[in-house]
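Letter by letter, the chains look like this.
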Amino acid sequence: MSSAQSEKQTLFIASLIIIWYSSNIGVLLLNKLLLSNYGFSFPVFLTMCHMSACAVLSYVSIVFLKIVPFQRIKSRSQFFRIATLSIVFCGSVVGGNISLRYLPVSFNQAVGATTPFFTALFAYLITWKREAWTTYGCLVPVVAGVVIASGGEPSFHLYGFIMCIGATAARAFKSVLQGVLLSNEGEKLNSMNLLLYMSPIAVLVLLPATLIMEPNVIDATIALAVTHRYLVLLILINSTMAYGANLLNFLVTKHTSALTLQVLGNAKGAVAVVISILLFRNPVTFIGIAGYAMTVMGVVAYGESKRRNK
């Protein structure tokens, strides 16, 4: 590869990472803005908007734009396995959005950083997969950090915390379940095709859930849109960015190594915390920051230990 090509590739990957960061952090901050600051207290409906956008844009990008090759579902059992994943995925996104109504983004990210703990737990319970003891030892500061951060969080809310823990556990459960349910080589789907099939199923699950749990959502949205004239536009941008975050996650995974992605993912959480504190000006304490720092260091050590013990 010539130096000119190498520079172009480096510039492309750097641009991809910046846009990936912007879309991921943008979705998170817009969710918080809508659910807390705008008084749009309908996390299930908001998740349904996200999934609707993912369904439509996935179809357009795969079938028409051919970003990735279209993969067909090959059996009824494969469809039911994808549907199961979709329901778990729904639960994780709804739980995360509910938690943002009650918790600041900074604390939400601290709790979300415990994903490796739940992944290791479910991997052991479901597949009996064991890691080295040193790897498990790295999970101690991951959990301890969140316990410390919880004690030092001025805006702690028990229901929001339970929802956030539930969402984090569901996200980890989905990743382990995906490895088990789609382990057959002939039935493996790339993440974009998986999203194409999961999104419409998620919409079908979330529609009745919205009608039961948030029956006045349409009237309330119209009333809020009168006060906040950019509300509908923000929901549309937010939903489009939710798809963009998934697409960019796929592209960054494709063009970088797993280790680079892991490091970038850890740093992304820290960047989101700093931006959210500056933007929403939520109070933070030294104990809260120390707890979050301990969790992040534990996650980094866990990733490094896994890599060494492969």
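Residues numbered from 1 in each chain as written. Predicted model: local features only at pLDDT ≥ 70, side-chain atom pairs only at ≥ 80, totals over all residues. Heavy atoms only, no water.

An unreviewed UniProt entry lists the chain under the name udp-uronic acid transporter 1, with Datura stramonium given as the organism. Recorded under Subcellular location (unreviewed entry), the UniProt text for the chain is reproduced unchanged: "Membrane". (UniProt positions renumbered as here; feature names shortened; annotations may be inferred.)

Asker: I'd like to hear about the state of the cysteines, residue by residue, with values.
Answerer: One pass over the structure, following the stated rule, counts zero disulfides. Summary of cysteine pairing: Cys-49 is not part of a disulfide, and the nearest cysteine sulfur, belonging to Cys-54, is at 11 Å. Overall, the relative accessible area of 17% leaves Cys-49 in the buried class. Unpaired in this structure, Cys-90 has its nearest cysteine sulfur neighbour in Cys-54, at a distance of 11 Å. (Disulfide = S-S within 2.5 Å. Buried < 20%, exposed > 50% of the residue type's maximum accessible area, 1.4 Å probe, protein only.)

Asker: Go over the nonpolar core, please, and point to the residues and values.
Answerer: Core analysis: the largest hydrophobic core is formed by 61 residues, its most contacted members being Phe-40, Ile-82 and Met-192. Sort the elements by how many residues they give to this core and helix α1 (residues 3-37) lands first, with 11 residues. What Ile-82 contacts, discounting residues up to four positions off in sequence, is Ile-73, Leu-182, Leu-189, Leu-194, Tyr-197, Met-198 and Ile-201. With 11 residues, the next largest nonpolar core counts Phe-107, Phe-161, Cys-164 and Tyr-292 among its residues. (Core = buried A, V, L, I, M, F, W, Y, C linked by side-chain atoms within 4.5 Å. Helix = DSSP H or I, 4+ residues; strand = E, 2+ residues; numbered from the N terminus. Contact = heavy atoms within 4.5 Å.)

Asker: Pulling in residues and values, what's your account of the packing of α1 against helix α11 (residues 231-255)?
Answerer: Running from N to C, α1 and α11 point in directions that differ by 145°, and their axes come no closer than 8 Å. The two elements α1 and α11 cross, and the hand of that crossing is left-handed. (Axes fitted to C-alpha atoms, helices over the stretch in contact; angles between N-to-C directions. Left-handed = near helix turned anticlockwise from the far one by under 90°.)

Asker: So what's going on with the pattern of salt bridges? Residues and values would help.
Answerer: Considering all chains together, one arrives at four salt bridges under this definition. Notably, a salt bridge pairs Lys-306 with Glu-131, separated by 3.6 Å at the nearest N-O pair. Note that Lys-306 is positioned in helix α13 (residues 286-308) and Glu-131 in the loop between α5 (115-127) and α6 (133-137), a separation of 175 residues in sequence. Among the residues examined, Lys-306 registers a relative accessible area of 29% and is labelled partly exposed. Glu-304 is paired through a salt bridge with Arg-308; the nearest N and O atoms lie 3.1 Å apart. You can see Glu-304 and its partner Arg-308 sitting in helix α13, four residues apart, about one turn around the helix. For Arg-308, a relative accessible area of 66% translates into the label exposed. Through salt bridges with shared partners, one network takes in Lys-129, Glu-131 and Lys-306. (Salt bridge = Lys/Arg side-chain N within 4 Å of Asp/Glu carboxyl O.)

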